[in-house]
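One letter stands for each residue in the lines below.
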Amino acid sequence: MAINNINNGLPKTPVDNGKVAQQNQSQQLQQQTSAQTASTSPAPRQDSVSLTQSAQQLNQVQKKGSEAPVNREKVDRLKKAIESGEYRVNPEVLAKKIAKLESEIFSSK
């Protein structure tokens, strides 16, 4: 395969070696500058998480709940009563306890 050099009738421009050398120096300076900037820039920020006050309080409550002593005898007794169908819920007492708990939760704000 032959390659023909066609210049469309335009005169050939001589290569200015000084200009080529100057462009090469300019490119090298830019590369050095970008390398220095990269090495002196601050380290990338680390990911972090911050919890709201409500989330922190919930976390504390969960820890206290998991550390609280458990009355295993009472738990076993209630399990058996539920499984056998003997456990009965008093709706009035339950409603009063729920109302009391809600007032404690929402009045503390």
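Residues numbered from 1 in each chain as written. Predicted model: local features only at pLDDT ≥ 70, side-chain atom pairs only at ≥ 80, totals over all residues. Heavy atoms only, no water.

Considerations on the overall build of the chain
Right, so step 1: Tallying secondary structure elements over the chain gives four helices and zero strands in all.
Right, so step 2: For the chain, the N- to C-terminal ordering of α and β elements is α-α-α-α.
Right, so step 3: Expressed as a percentage of its 109 residues, the buried residues of the chain come to 1%.
Right, so step 4: Just so you have it, the chain exposes about 11300 Å², and 53% of that area is on carbon and sulfur atoms. (Helix = DSSP H or I, 4+ residues; strand = E, 2+ residues; numbered from the N terminus. Buried < 20%, exposed > 50% of the residue type's maximum accessible area, 1.4 Å probe, protein only. Areas by Shrake-Rupley, 256 points an atom, 1.4 Å probe, with all protein chains shown as cover.)

Here we look at the pattern of salt bridges
Right, so step 1: Taken as a whole and assessed by the stated rule, the structure comprises one salt bridge.
Right, so step 2: Here Arg-72 and Asp-76 are joined by a salt bridge, their closest N and O atoms 3.9 Å apart. Of the two residues, Arg-72 and Asp-76 both sit in helix H3 (residues 72–84), four residues apart, roughly one turn of that helix.
Right, so step 3: We classify Arg-72 as partly exposed; its relative accessible area is 48%.
Right, so step 4: Assessed through its relative accessible area of 35%, Asp-76 is described here as partly exposed. (Salt bridge = Lys/Arg side-chain N within 4 Å of Asp/Glu carboxyl O.)

Remarks on the confidence of the model for the chain
Right, so step 1: Confidence in the prediction of the chain, expressed as mean pLDDT, is 81, and 77% of residues score 70 or more.
Right, so step 2: Between the elements of the chain, mean pLDDT differs from a low of 75, seen in helix H1 (residues 17–40), to a high of 95, seen in H3. (pLDDT = per-residue confidence, 0-100.)

Observations regarding a positive patch on the surface
Right, so step 1: Positive charge collects at one region of the surface, where Lys-74, Arg-77, Lys-97 and Lys-100 lie side by side.
Right, so step 2: Secondary structure elements with two or more residues in the positive patch: H3 and helix H4 (91–107).
Right, so step 3: By secondary structure assignment, the location of Lys-97 is in helix H4. (Patch = residues over 30% accessible without salt bridge, like charges linked within 9 Å, V, L, I, M, F, W, Y side chains within 5 Å. Lys, Arg positive; Asp, Glu negative; His and termini not counted. Charge placed at Lys NZ, Arg CZ, Asp CG, Glu CD.)

Focus: H3
Residues separated by three or four positions in an α-helix point in the same direction, a consequence of the helix having 3.6 residues per turn.
Right, so step 1: In this model H3 runs 18 Å from its N-terminal to its C-terminal C-alpha over 13 residues, within 8% of the 18 Å that 1.5 Å per residue would give.
Right, so step 2: Positive phi shows up at Gly-85, right after H3, with a value of about 85°. (Expected span 1.5 Å × (residues − 1).)

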